[in-house]
Amino acid sequence: MNLNLASKRSRAKKFEPIKQTPRKPEPEVFPLSMVLRACPEIGNFGQGGSIGSWREMMMAAITVRSMLGVSPSAYEEACEVMGQAGAAIAIACIYERAGHITTAGGYLRDLTAKARRGEFSLGPMLFAQLRANGTPARASERLSSNMK
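Quick notes on the rules
- Residues numbered from 1 in each chain as written.
- Predicted model: local features only at pLDDT ≥ 70, side-chain atom pairs only at ≥ 80, totals over all residues.
- Heavy atoms only, no water.
- Helix = DSSP H or I, 4+ residues; strand = E, 2+ residues; numbered from the N terminus.
- Buried < 20%, exposed > 50% of the residue type's maximum accessible area, 1.4 Å probe, protein only.
- Contact = heavy atoms within 4.5 Å.
- Core = buried A, V, L, I, M, F, W, Y, C linked by side-chain atoms within 4.5 Å.

Novice: Describe the environment of I101, and please don't skip the residues or the numbers.
Specialist: Inspection of the secondary structure puts I101 in the loop between α5 (84-96) and α6 (104-116). Given the relative accessible area of 15%, I101 is considered buried. Beyond its immediate sequence surroundings of up to four residues, I101 is in contact with I94 and Y107.

Listed below in structure tokens is the structure:
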């Protein structure tokens, strides 16, 4: 009788479902022109005082990150969770509202933690910044953001 019980247990283990690790969400993508209309101040930190590519945007974000007092580790974590472009967008938005944010590094860490849990998206942050600047989002930008 013990033999039957042991064989049933070993068979039960063979059919246990495999636990899957959650997949990392795809980074959000927004047109650079939209980001620069929402966050025009970061443009001053591009080479020659303007930003013409995502690479230049990410370089400017590193400069601004330092100016805001955001630690390299907080920015690296944001890059891992939101992607490099997403972290640069977050920094640009934080810079636009720097006068209203007490601790930029803490704020970025909070956004990163929310993004990791799937509770934060850059879209609403960008659209709010566009509205704050009095710049409406173009219809194509609203559509591409809603398709995600």
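Novice: Please set out the nonpolar core residue by residue, giving values where relevant.
Specialist: Core analysis: the biggest nonpolar cluster contains 40 residues, and I42, M57, Y75, M82, L108 and L126 have the highest contact counts within it. Contributing elements (two or more residues each) for this core: α2 (32-38), α3 (54-68), α4 (72-82), α5, α6 and α7 (122-132). With eight residues, the top contributor of residues to this core is α5. Not counting chain neighbours up to four residues away, the residues in contact with I42 comprise L36, I51, M57, A60, A61, V64, A92, Y95 and E96.

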